[in-house]
Amino acid sequence: MNDVPAFDAGDPARYAGLDLLASAVLLTGADGEVLYANAAAENLMELSFKSLQRHRLPELFQNGAELAALIGQALAHQYADLRQDLTLQRNNREPLHVNSIVSALGDGTLLIELRENVQQLKLDREERILDQSQANKELIRNLAHEIKNPLGGIRGAAQLLELELPPHHLLELQEYTQVIIKEADRLQTLVDRLLAPHRKPHIVGDVNIHEVCERVRSLILAEFPQGLSIKRDYDASIPEFRGDFEQLIQVVLNIAHNAAQALSSRMARGDAEIVLRTRVARQVTLAKVRYGLALDLHIIDNGPGIAPDIRDRIFYPLVSGRDGGSGLGLTLAQTFVQQHLGVIECESRPGLTDFRILLPLP
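Since we're looking at a predicted model, the values are computed, not measured. (Residues numbered from 1 in each chain as written. Predicted model: local features only at pLDDT ≥ 70, side-chain atom pairs only at ≥ 80, totals over all residues. Heavy atoms only, no water.)

Engineer: Explain the overall build of the chain residue by residue, including any values.
Structural biologist: The number of helices and strands found in the chain is nine helices and twelve strands. Total accessible area computed for the chain in this model is approximately 19,900 Å², and 53% of it derives from carbon and sulfur atoms. (Helix = DSSP H or I, 4+ residues; strand = E, 2+ residues; numbered from the N terminus. Areas by Shrake-Rupley, 256 points an atom, 1.4 Å probe, with all protein chains shown as cover.)

In structure tokens, the structure reads:
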């Protein structure tokens, strides 16, 4: 790396006021090398100023090209200051969701301000998910009822037609009537599955989330006994809460079963892994309601990840990333989680898919 040119900071005390700011402030050279970082920047980046020094800021992120492009544009004086929302990917750490402001100071240095907007993004995303989920429920109910009535008529007509078939052509023509009857039954089963979440009563009792996880773990290992390990990472201090035990089993089982099916190639190599992790989250906002404590349940796998083209639609009905999948498992999981006043989220990339379930605790 080339030597960094001397940074004329003058009296360091002149920048002490920047340490009082809640937003991260960095000064960089024209090539992006960090010359100054306030305390908020150290906290945000999880690196000390000494570690940040003599590093080019874009190189600290896997997708640093976006930040480098902003720096280049600011230096070219395309804008007085450049503002943009960024998701900065870091090695072995959670990505940073920030609002960035990049300003050229005119002497070859740049002032970069980074403000975390993860909470606002989370609230906006939850609101969109709730609105979309409610619209999906109404659409499913209406569509299922509209399909259900003519299906019964089609099946009944096929049965009556079968009774009227001439004996000498019975075997030949019965094949076609049976196709109609079997396909009508298949569609009826699909409609029943679409309506199932809205029909089952919500049976509330005391729930120990680790009993739920252990039941799911035993079911998955019974179906996939070779090449798969399911690791427990439990917080034993999590209290019992009021919920529907069977529904929560279905939620965790649907997600874990999808993960196991996605791990088929890793199972063949013997390194497939699912992690069930429980934690307590504090001061959490769920569906615009603030809770002091919440269950933070993660179901993590080391599979290939969710295809980018369906990543934003995985909770929609009939959307599946697997051949032969019904696309109802995650829709059902989301419905049950929302009935418990919680939210379900997903982050996925190759090698790591993390489903996170947040439920309020007493």
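Engineer: Please give an account of the nonpolar core that cites residues and values.
Structural biologist: Judged by nonpolar contacts, the single largest core of 43 residues is most densely connected at I220, L228, I274 and I357. Of all elements in the fold, only α6 (209–223), β7 (228–233), α7 (245–262), β9 (272–286), β10 (289–301), α9 (329–339) and β12 (352–360) reach the threshold of two or more residues within this core. With nine residues, α7 is the single largest residue contributor to this core. Non-local contacts of L228, meaning those with residues more than four positions away in its chain, are made with I220, L221, A260, L263, M267, A272, E273 and I274. Core analysis: the second largest hydrophobic core is formed by 23 residues, A24, A41, L86 and V98 among them. (Core = buried A, V, L, I, M, F, W, Y, C linked by side-chain atoms within 4.5 Å. Buried < 20%, exposed > 50% of the residue type's maximum accessible area, 1.4 Å probe, protein only. Contact = heavy atoms within 4.5 Å.)

Engineer: Describe a nonpolar patch on the surface, and please don't skip the residues or the numbers.
Structural biologist: A cluster of nonpolar side chains, namely L139, L143 and I147, defines an oily patch on the protein surface of about 260 Å² accessible area. Structurally, the position occupied by L139 is in helix α4 (residues 118–163). L139 sits in the exposed class, given a relative accessible area of 53%. (Patch = residues over 30% accessible without salt bridge, like charges linked within 9 Å, V, L, I, M, F, W, Y side chains within 5 Å. Salt bridge = Lys/Arg side-chain N within 4 Å of Asp/Glu carboxyl O.)

Engineer: Please give an account of the packing of aromatic side chains that cites residues and values.
Structural biologist: Per the counting criterion, the structure on display carries one aromatic pair. Centre to centre, the rings of Y36 and F49 are 6.3 Å apart; their planes meet at 55°, and the pair counts as tilted. With Y36 in strand β2 (residues 34–37) and F49 in helix α2 (residues 49–52), this residue pair connects regions lying 13 residues apart in the sequence. Residue Y36 is classed as buried on the basis of its relative accessible area of 13%. (Phe/Tyr/Trp six-rings, centres within 6.5 Å; stacked < 30°, edge-to-face > 60°.)

Engineer: Which residues make up unusual backbone geometry, and what are the values?
Structural biologist: Unusually for a residue other than glycine, E46 sits at a positive phi of about 60°. With relative accessibility at 46%, the residue E46 sits in the partly exposed group. Of note in this structure, L341 is not a glycine but carries a positive phi near 65°. Residue position: L341 is located in the loop between α9 and β11 (343–349). Owing to a relative accessible area of 52%, L341 belongs among the exposed residues under this scheme.

Engineer: Account for α7, naming residues and giving values.
Structural biologist: The end-to-end C-alpha separation of α7 is 26 Å, in line with the 26 Å expected for 18 residues at 1.5 Å each. Two or three places before E246, at the opening of α7, D244 has a side-chain oxygen 3.1 Å from that residue's backbone nitrogen. (Expected span 1.5 Å × (residues − 1). Polar contact = N/O pair within 3.5 Å; in protein donor to acceptor, adjacent residues only side chain to side chain.)

Engineer: Before we move on, can you summarise the pattern of salt bridges with the specific residues and values?
Structural biologist: Per the counting criterion, the structure on display carries 15 salt bridges. Here K231 and E273 are joined by a salt bridge, their closest N and O atoms 3.0 Å apart. Note that K231 is positioned in strand β7 and E273 in strand β9, a separation of 42 residues in sequence. With a relative accessible area of 44%, K231 lands in the partly exposed category.

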